[in-house]
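Residues per chain, in single letters:
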Amino acid sequence: MTQPDEMTQPEVAPRQLPVGVSARVRVPASSANLGPGFDCLGIALGIYDEVIVETVDAGVELDVEGEGAADVPRDESHLVVRALERGLAHVGVSAPGLKLRCVNAIPHSRGLGSSAAAAVSGLAAASGLITAAGFGDGLSEDELVQLSSEFEGHPDNAAASVLGSAVVTWTESADGVNSYHAHRLTVHPDVCATVFVPDTESSTSFTRGLLPDSVPREDAIFNLSRAALAVVALTSDPRNLMAASADRLHQPYRASAMAPTAVLVAELRARGHAATVSGAGPTVLVLGTAPVPSEVRMLAQRHGFTTHSVAIAGGVDISIG
């Protein structure tokens, strides 16, 4: 006779969200690297994508406004939808159907973390729906960082969009599985950000391919010291931002692919502004303690860049209806 603990247990079907629950999320842009902190430093910036989602009887209905609206898919292949479904599946929940409205302000393929923001948006929307349906507390910050970083392959942009402010991130690997982690830094209140955004786009995969497999030891040491100094400059002594934003690890190797960006960074630094390539570019980021003067805005315009003063942002905001 089969004992109870030997009996085959029936599979438990995923819980399904009821029709009519809704959530709204607001996710900031981000800049990664901040000069020397390649794939490990990031900062949240006050440009936001918003997603409003509601469960419906069946199917996926997707409306997109703003940045990238003419180029992104309108079905289940959209990154926000894929991330939302991943977030639900993570806790054993499904949706009968989804109706989404995406309002995008983060420029696409400009080095401001638009794809990371999309992944965070979908996962945060899933978290909001889970909570709205009474199925639990939703996804924790650690889960949002982990799951969004899985879409990205590295955590710097995604963690900044989740946690806000500035972040130090790292990856641990075991048995071929990556575990992504982040620590939020409280940015000094005097620090402000300016982004210089061109009309041209850049491919992260292409610019990563320009990086060498090895670098001189002195360059590695240089970047280690500057990345450590960046944490000090961001949190307690902004006077060090200029030295703390210098890089020898990735920006010189990518310069030929983004000549206007490289020229603008060099000219801004020559004028005493802590300029870096934002992520994989081509946007340029300046962190300082005062807005850039009008002559800098005119300089950027001559090179084909539009100047935006942006706040250091808080993390993802989730509200439920």
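Read on for a plain summary of the structure. (Residues numbered from 1 in each chain as written. Predicted model: local features only at pLDDT ≥ 70, side-chain atom pairs only at ≥ 80, totals over all residues. Heavy atoms only, no water.)

This part is about the pattern of salt bridges. Taken as a whole, this structure holds seven salt bridges when the rule is applied. The residue Asp219 makes a salt bridge to Arg248 at a minimum N-O spacing of 3.3 Å. Placement of the pair is Asp219 in helix α6 (residues 217-235) and Arg248 in the loop between α7 (241-244) and α8 (251-254), with a sequence separation of 29 residues. Of the residues examined, Asp219 reaches a relative accessible area of 13% and is grouped as buried. Judged by its relative accessible area of 35%, Arg248 falls in the partly exposed class. Residues participating in the shared-partner salt-bridge network are Arg24, Arg26 and Glu50. (Salt bridge = Lys/Arg side-chain N within 4 Å of Asp/Glu carboxyl O. Helix = DSSP H or I, 4+ residues; strand = E, 2+ residues; numbered from the N terminus. Buried < 20%, exposed > 50% of the residue type's maximum accessible area, 1.4 Å probe, protein only.)

The subject of this paragraph is the layout of surface pockets. The probe, sized like a water molecule, is rolled over the atoms to show the empty space still left. Taken as a whole, the second largest pocket spans an internal volume of roughly 280 Å³. Looking at the second largest pocket, it is lined by 16 residues, and the ones nearest its centre are Val72, His78, Leu79, His108 and Ala118. Of all elements in the fold, only β3 (41-55), α1 (79-90), β6 (97-104) and α2 (114-132) reach the threshold of two or more residues within the lining of the second largest pocket. When residues in the lining of the second largest pocket are grouped by element, the largest group, four residues, is from α2. For the lining of the second largest pocket, the class distribution of residues is seven nonpolar, seven polar and two charged. (1 Å grid on protein atoms, 1.4 Å probe; cavity = no way out; pocket = protein on both sides within 12 Å on 5 of 7 lines; lining within 4 Å. Points joined across faces, edges and corners; volume = space filled by probe spheres on them. Nonpolar A, V, L, I, M, F, W, Y, C, P; charged D, E, K, R; others polar.)

Glancing now at the packing of α2 against helix α3 (residues 141-152). Two elements in contact, α2 and α3, have axes separated by 9 Å at closest approach and are oriented at 135 degrees. Here α2 lies oblique to α3, going by the angle between them. Here α2 runs over α3; the crossing is right-handed. In this structure, α2 uses Ser115, Ala116, Ala119, Val120, Leu123 and Ala124 to contact α3, whose residues at the interface are Leu144, Leu147, Ser148, Phe151 and Glu152. Looking at the contact of α2 with α3 residue by residue, the class counts come to eight nonpolar, two polar and one charged. (Axes fitted to C-alpha atoms, helices over the stretch in contact; angles between N-to-C directions. Parallel < 35°, antiparallel > 145°, perpendicular 65-115°, else oblique. Left-handed = near helix turned anticlockwise from the far one by under 90°. Contact = heavy atoms within 4.5 Å.)

Attention shifts here to the pairing of strand β8 (residues 177-185). Sheet topology note: the strand β7 (residues 166-174)/β8 ladder contains nine bridges and is antiparallel. Its bridge partner being in β8, Glu172 is matched across the sheet by Ser179. A loop of two residues connects β7 with β8, the two strands running antiparallel in sequence, and Asp175 in this loop sits at a positive phi of about 55 degrees. (Pairing = 2+ DSSP bridges.)

Our next topic: the side chain of His188. On the secondary structure map, His188 appears in the loop between β8 and β9 (192-198). Its relative accessible area of 18% is what places His188 among the buried residues.

This brings us to the sheet that holds strand β12 (residues 305-310). Taking strand neighbours across the sheet as the criterion, the four strands line up as β10-β11-β9-β12 in an open arrangement whose pairing is antiparallel. The open sheet has two edge strands with one neighbour each: β10 (274-277) and β12. Sheet twist, expressed as the mean angle between neighbouring strand axes with direction ignored, is 25 degrees. Its contacts with the sheet put helix α9 (residues 259-270) on β9, β10, β11 (284-288) and β12, and the angle it makes with β10 is roughly 165 degrees. Helix α10 (residues 294-302) contacts β9 and β12 of the sheet and is inclined by roughly 140 degrees relative to β12.

By size, the foremost hydrophobic cluster in this structure holds 67 residues, and its most contacted members are Leu45, Leu84 and Leu100. It is α2 that contributes the most residues to this core, ten residues altogether. If we ignore the near neighbours within four places in the chain, the residues touching Leu45 are Pro28, Ala29, Ser30, Ser31, Leu112, Ala193, Val195, Leu285, Val310, Ala311, Ile312 and Ala313. Ranked by size, the runner-up nonpolar core spans 14 residues in total, among them Met258, Leu268, Ala275 and Phe305. (Core = buried A, V, L, I, M, F, W, Y, C linked by side-chain atoms within 4.5 Å.)

Glancing now at the pairing of β3. With eleven bridges connecting them, strand β2 (residues 22-32) and β3 associate as antiparallel partners. Across the sheet, Pro28 pairs through a bridge with Tyr48, a residue of β3. Examined bridge by bridge, β3 and β7 share three bridges and lie antiparallel to one another. Bridge pairing in β7 places Ile43 opposite Ala166.

A separate point is α6. In this model α6 runs 28 Å from its N-terminal to its C-terminal C-alpha over 19 residues, within 8% of the 27 Å that 1.5 Å per residue would give. Next to the buried residues of α6 lie β3, β7, α7, α8 and β11. (Expected span 1.5 Å × (residues − 1).)

In this section: the side chain of Ser161. Inspection of the secondary structure puts Ser161 in helix α4 (residues 156-163). Residue classification places Ser161 among the buried positions, given a relative accessible area of 0%. From its side chain, Ser161 meets the backbone oxygen of Pro28 in a polar contact 2.8 Å long. If sequence neighbours within four positions are ignored, Ser161 has contacts with Val27, Pro28, Ala29, Ser30, Ala117, Val120, Gly315 and Val316. (Polar contact = N/O pair within 3.5 Å; in protein donor to acceptor, adjacent residues only side chain to side chain.)

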